[in-house]
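# Architecture at a glance
As a plain string of letters, each chain reads:
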Amino acid sequence: MTLSPDALMTPRKRLLQLGWRPVWALWLMSITLHLALQDFPGLGRDLVYAGIVLVGMALGRWRRGWDVVFFYAALAPFTVWLARADGPGWVFSPDLVGYSAALVIPTVSVAIFCNFPGVLIFLLYALAAGGLALPFEWSQLAELTWYVLLTLGLGWLLAWLLQGADRAVRELRRSALMDPLTGLGNRRAFDLALEGTWATRRETLAVALLDLDGLKRINDTRGHAAGDELLRGFAAALHSRLGKDETAYRLGGDEYSVLCAPERLDAVQALIAAAVAEVREAGFINVDASVGTAVGTEVDDMGALPRLADERMYTEKRHKHARRLRDGNSAAFTEQ
């Protein structure tokens, strides 16, 4: 069974994909409650909140990350304003203790964007803003301490859980998309890369497919351990020579592929030949590679691209086989 890209997405990325939806959902809930209770002054505060969100979204379009910074920077004074007015709803009292209780959800949500350091920075900043503007009695110190520790604990817990879950999903993705023998991407990784590039820049896409000729003979005469050594050695030699925008994959058995730009196809074929020469020097003297190439603009659908390269690869393989037979017959005739 293969895993879809969504199945391999980290929990943090899944949450970040929600974008501003939870923020607007909270706004809609507030609007609905104020209308149902005919609390028309509350609608004005809802408009201010919507303005903060819209400015944040505009900043995010201009520079990535500034939307989050602005939103949480503006959220603390906005919440102070709510607490000074009549308290956030009827749950919290309009003082520093009630304000600190109202900080639990936004502070914990910072863990999604900034991990625990962001939780700590936002909480300290928000408490400083609240402490300067809201009344506080020292008899409430125990309550305030409880809310602060609760918020820090929940923020740390969420950040820790997300880090662990993200690490597990990344390891799963690495295992699902990596060939364990060579360390190259596997067929699933190739398919995903091909799909992504085809969808965004088909005209800059080319593929080179190749078979290592001689692996079966190595396995039959020297054992599968030697065959594995050949596969690993060729993969390492090829990978080390490719450019930063070129990626090699092992599709299975002795079949490899390289995704590159069309203008790099000749260079990639030369690199494949150099990798073959390297494994020959390492003791696999009868090894060769048959290569077939195709360019994205030659075909109308994505699946046809590797098929075209595969057809050309097998055409080259048949020509090489015929040439070896001809050369062998010529040598036998000369000896006679």
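All figures in this text were calculated on a predicted structure; none of them were measured in a lab.

Conventions and cut-offs
- Residues numbered from 1 in each chain as written.
- Predicted model: local features only at pLDDT ≥ 70, side-chain atom pairs only at ≥ 80, totals over all residues.
- Heavy atoms only, no water.
- Helix = DSSP H or I, 4+ residues; strand = E, 2+ residues; numbered from the N terminus.
- Rg over C-alpha atoms; globule rule 2.2 N^0.38 Å.
- Buried < 20%, exposed > 50% of the residue type's maximum accessible area, 1.4 Å probe, protein only.
- Contact = heavy atoms within 4.5 Å.
- Lys, Arg positive; Asp, Glu negative; His and termini not counted.
- Charge placed at Lys NZ, Arg CZ, Asp CG, Glu CD.
- Polar contact = N/O pair within 3.5 Å; in protein donor to acceptor, adjacent residues only side chain to side chain.
- Pairing = 2+ DSSP bridges.
- Patch = residues over 30% accessible without salt bridge, like charges linked within 9 Å, V, L, I, M, F, W, Y side chains within 5 Å.
- Areas by Shrake-Rupley, 256 points an atom, 1.4 Å probe, with all protein chains shown as cover.
- Salt bridge = Lys/Arg side-chain N within 4 Å of Asp/Glu carboxyl O.
- Expected span 1.5 Å × (residues − 1).
- Bend = angle between axes of the 7 residues up to and from the residue.
- pLDDT = per-residue confidence, 0-100.
- Core = buried A, V, L, I, M, F, W, Y, C linked by side-chain atoms within 4.5 Å.
- Axes fitted to C-alpha atoms, helices over the stretch in contact; angles between N-to-C directions.
- Parallel < 35°, antiparallel > 145°, perpendicular 65-115°, else oblique.
- Left-handed = near helix turned anticlockwise from the far one by under 90°.
- Nonpolar A, V, L, I, M, F, W, Y, C, P; charged D, E, K, R; others polar.

On a plain count of helices and strands, the chain comes out with twelve helices and four strands. The C-alpha radius of gyration of the chain comes to 31 Å, more than 25% above the 20 Å expected for a compact globule of 336 residues. Looking at the 336 residues of the chain, the share that counts as buried comes to 41%. Contacts in the chain between residues at least 24 apart in sequence constitute 68% of all its contacts with a sequence separation of at least 6. Charged side chains in the chain number 34 positive and 36 negative. The centres of these two groups are separated by 2 Å.

Another aspect to go through is the side chain of T151. Of note, T151 is situated in helix α7 (residues 141-177). Among the polar contacts listed, one links the side chain of T151 to the backbone oxygen of Y147, at a separation of 2.7 Å.

In this section: the pairing of strand β3 (residues 255-260). Across the six residues that make up β3, a large majority, six, are buried. Going residue by residue along β3, you find E255, S257 and L259 tucked away on one face and Y256, V258 and C260 tucked away on the opposite face as well. Sheet topology note: the strand β1 (residues 206-213)/β3 ladder contains six bridges and is antiparallel. Each bridged residue has a counterpart across the sheet, and for D211 the counterpart in β3 is E255. Direction of pairing for strand β2 (residues 247-252) relative to β3: antiparallel, over a ladder of five bridges. The partner of T247 across the bridge, within β3, is L259.

One non-glycine residue with positive phi stands out, namely Q38, at about 55°. Mapped onto the elements, Q38 comes out in the loop between α2 (21-36) and α3 (40-62). Take Q38: its relative accessible area is 59%, and that puts it in the exposed class. The backbone phi angle of N115 is positive, close to 60°, even though this residue is not glycine. With respect to the element layout, N115 can be found in helix α6 (residues 104-133).

Turning our eyes to something else, we now look at a positive patch on the surface. On the surface, K13, R167, R170 and R173 cluster together into a positively charged patch. With three residues, α7 is the single largest residue contributor to the positive patch.

The next subject is a nonpolar patch on the surface. Taken together, the side chains of W156, L157, W160 and L161 present a nonpolar region at the surface, about 440 Å² in accessible area. Looking at the secondary structure, you find L161 in helix α7. Owing to a relative accessible area of 45%, L161 belongs among the partly exposed residues under this scheme.

Turning next to helix α4 (residues 66-85). Compared with an ideal rise of 1.5 Å per residue, which puts 20 residues at 28 Å, α4 spans 28 Å between its outermost C-alpha atoms and is within 8% of the ideal. Approximately 25° is the largest bend angle found in α4, and it occurs at L75, with the proline P77 only one to four residues beyond. Taken as a whole, α4 has its buried residues at D67, V68, F71, Y72, A74, L75, A76, F78, T79, V80, L82 and A83.

Moving on: the confidence of the model for the chain. Predicted confidence across the chain gives a mean pLDDT of 87, with 91% of residues reaching 70 or more. No element of the chain has a lower mean pLDDT than helix α12 (residues 304-335), which averages 74, and none a higher one than β3, which averages 94. Below a pLDDT of 50 lies the segment residues 329-336, which in the model reaches zero contacts outside its immediate sequence neighbourhood of four places, other chains included.

Mapping D39 onto the fold places it in the loop between α2 and α3. As a buried residue without a salt bridge, D39 has its nearest oppositely charged side chain in R45, at a separation of 4.2 Å. When sequence neighbours within four positions are dropped, the list of residues in contact with D39 reads H34 and R45.

Y49, F71, Y72 and Y99 are the most contacted members of the largest nonpolar core, which totals 34 residues. Discounting residues that sit within four places of it in the chain, Y72 has contacts with P106, S109, V110, F113, F122 and Y125. Among the nonpolar cores identified, the runner-up in size contains 31 residues, and Y256, L265, V268 and V276 belong to it.

The geometry of α6 relative to α7 is characterised by a closest axis approach of 9 Å and an angle of 155° between their N-to-C directions. Here α7 runs roughly antiparallel to α6, going by the angle between their axes. Note on packing geometry: the crossing formed by α6 with α7 is left-handed. Of α7, the residues touching α6 (which contributes V104, T107, V108, A111, I112, N115, F116, V119, L120, L123 and L127) are V148, T151, L152, L154, G155, W156, L158, A159, L162 and Q163. Residue composition of the contact of α6 with α7, grouped by class: 16 nonpolar, five polar and no charged.

All right, on to the pattern of salt bridges then. Applying the stated criterion across every chain, the model contains 14 salt bridges. Here K317 makes a salt bridge to D211, at a shortest N to O gap of 3.6 Å. With K317 in helix α12 and D211 in strand β1, this residue pair connects regions lying 106 residues apart in the sequence. Each member of the pair, K317 together with D211, is buried. The residue E298 makes a salt bridge to R312 at a minimum N-O spacing of 2.9 Å.

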